[in-house]
Number of protein chains: 2
Amino acid sequence: MALNIRIILIQTWHPGNIGAVARAMKNMGLSDLVLVNPVDFPSDEAYSRAGQATDVLDNARVVSSLAEAISDCVLVVGTSARDRSIRLPAYTAEQCAEEAVTLQQQAPVAIVFGRERMGLHNDDIQQCHAQLNIDANPDYPVLNLSQAVQLVCYEVFKASQRQNQLPQVEEDYPLNEDLNRFYDHLAQTLDEIGFTNTKAPGQALDHLKALYRRARPTAKELRLLRGVLSKAQEAADKS
Amino acid sequence: MALNIRIILIQTWHPGNIGAVARAMKNMGLSDLVLVNPVDFPSDEAYSRAGQATDVLDNARVVSSLAEAISDCVLVVGTSARDRSIRLPAYTAEQCAEEAVTLQQQAPVAIVFGRERMGLHNDDIQQCHAQLNIDANPDYPVLNLSQAVQLVCYEVFKASQRQNQLPQVEEDYPLNEDLNRFYDHLAQTLDEIGFTNTKAPGQALDHLKALYRRARPTAKELRLLRGVLSKAQEAADKS
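Basis of the calculations
Residues numbered from 1 in each chain as written. Chains lettered and ligands numbered in written order. Predicted model: local features only at pLDDT ≥ 70, side-chain atom pairs only at ≥ 80, totals over all residues. Heavy atoms only, no water. Axes fitted to C-alpha atoms, helices over the stretch in contact; angles between N-to-C directions. Helix = DSSP H or I, 4+ residues; strand = E, 2+ residues; numbered from the N terminus. Parallel < 35°, antiparallel > 145°, perpendicular 65-115°, else oblique. Left-handed = near helix turned anticlockwise from the far one by under 90°. Contact = heavy atoms within 4.5 Å. Nonpolar A, V, L, I, M, F, W, Y, C, P; charged D, E, K, R; others polar. Expected span 1.5 Å × (residues − 1). Buried < 20%, exposed > 50% of the residue type's maximum accessible area, 1.4 Å probe, protein only. Arc of directions from axis to C-beta. Salt bridge = Lys/Arg side-chain N within 4 Å of Asp/Glu carboxyl O. Buried area = accessible area lost by both parts, 1.4 Å probe.

For the rest of this paragraph, the subject is the packing of helix α8 (residues 176-192) of chain B against helix α10 (residues 219-238) of chain B. In helix packing, the relevant descriptors are the interaxial angle and the interaxial distance, both defined with respect to the helix axes. All names here are of chain B. Running from N to C, α8 and α10 cross one another at 25 degrees; their axes reach a closest spacing of 9 Å. With respect to α10, the element α8 is oriented roughly parallel. Along this stretch, α8 crosses α10, giving a crossing that reads as left-handed. Contacts between α8 and α10 involve D178, L179, R181, F182, H185, L186, Q188, T189 and E192 from the former and L222, L225, R226, L229, S230, A232, Q233, A236 and D237 from the latter. A per-class count over the contact of α8 with α10 returns eight nonpolar, five polar and five charged.

As a further point, take helix α8 (residues 176-192) of chain A. Residue and element names in this part refer to chain A. Under the 1.5 Å per step criterion, the end-to-end length of α8 is 24 Å for 17 residues, consistent within 8% with the ideal 24 Å. Burial in α8 covers these residues: L179, F182, Y183, H185, L186, T189 and L190. Buried residues of α8, seen end-on, are gathered within an arc of 165 degrees and therefore sit on one face of the element. Looking one or two places after α8, you find G194, whose phi comes out positive at around 90 degrees.

This brings us to the pattern of salt bridges. One side chain can pair with another of opposite charge once the charged atoms of both are near each other. Applying the stated criterion across every chain yields a total of 21 salt bridges over all chains. Across the pair E94 of chain B and K158 of chain A runs a salt bridge whose closest N-O atoms are separated by 3.0 Å. Of the two residues, E94 of chain B sits in helix α5 (residues 93-103) while K158 of chain A sits in helix α7 (residues 145-163), which places them in two different chains. We classify E94 of chain B as partly exposed; its relative accessible area is 27%. When its relative accessible area of 5% is taken as the criterion, K158 of chain A is described as buried. Across the pair R6 of chain B and D32 of chain B runs a salt bridge whose closest N-O atoms are separated by 3.0 Å. Linking R6 of chain B in strand β1 (residues 5-10) with D32 of chain B in strand β2 (residues 32-36), this pair joins segments that are 26 residues apart in sequence.

Listed by partner, the interface residues are 61 residues for chain A and 60 residues for chain B. Summed over both partners, the interface of chain A with chain B buries about 5,100 Å², with 60% contributed by carbon and sulfur atoms. At the junction of chain A with chain B, the criterion picks out four salt bridges. Secondary structure elements with two or more residues in the side of chain A that touches chain B: α1 (15-27), α5 (93-103), α7, α9 (201-215) and α10 (219-238) of chain A. Here the element with the most residues in the side of chain A that touches chain B is α10 of chain A; it accounts for eleven residues. For the side of chain A that touches chain B, the per-class residue count stands at 32 nonpolar, 15 polar and 14 charged.

Here's what the structure looks like:
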């Protein structure tokens, strides 16, 4: 199920960034890209940076104003590192993603990214319903454009995953009774090789059991461990 | 307070990616970059993509093996989109970040990224304690290298923000070199008790090593395990 979330880039200078944005979007399952007055598009440079996301570029729409890009949207969030005189609700990327994934069920949600050097102008921000500030190092918070898009799309992907997540069991795991048999075998082997003659033997066994519980061995690994124990017992038998 | 978290890039092909990684790191407050056999570094292309993160490139260390890059690390996480036969704990970027931010209080934590086209090889993965899979679109999960680094560094930044007051590391964990000594001891003991006479012995050892990497024994538990091995060796000696 494709998410109805639109990425809008305003006056992008470097075509390579447009390509990198397309790839970042597709990596996170998004495909609706709108370019407001791009400086150089379409271009080879954009396609060469897009990896396998050339379809996102093929379907990108070029428009001449932000107003045109957002007219059908239910929520418009502007990404900005700067404080503004116009006070808008300020989202983290995570909060923006939660809100976008919820509202896109109704109509498109737009997330807007500004120019490489200048970001969003005040008249862009005035068309947004909310502002998004990406958590970053206060000493150098200015991310590359495609990296900023990547982070936001990633949060969107995670938010959509959280909504319908079912864990899948990939490995065959032993039952608890199999684990208990392994612990018995371990205790017996420690005894036979003389390990339990040292001080506080029960405590050592408890520590080892905790370690193996933590490792969560698969059924296959448990057979391997029991094979090792059997060999140690054989060695002890002969001695 | 700088986090003691190291980003390691293996055999990076495009110098532009190295520059973009440096910027992505600095945007999220990280600075320790180690390059294993980069194809082209230092280079103008790397510096032109680094923005204001040229200091990260200036201080980057170039080494000739992954082993060298991680020998002083307490935790080594490999980033990989592919499933592996050797089962390691699989972290999301978020879980990896939580663990890294906690453990870096004790010693450096390494997060390893593979080649642009090939990712990590199996012999790289075998040196990792855990595996990191970045949540992504299953139809096109292959992120650009610098984008992958950006996401992980962003999660690290968020995790460090969450832990305003960092929890104390309760346990003392062994360094990678201590673990390697344990693996050598394990291999030798398997040999002495006759376990390596069975079919595919190297594979069995690899599985056991993966299991112990996953269990992440504390320094105390490692001493316990080595005590058990020594006893098994004694038993084998006598027989």
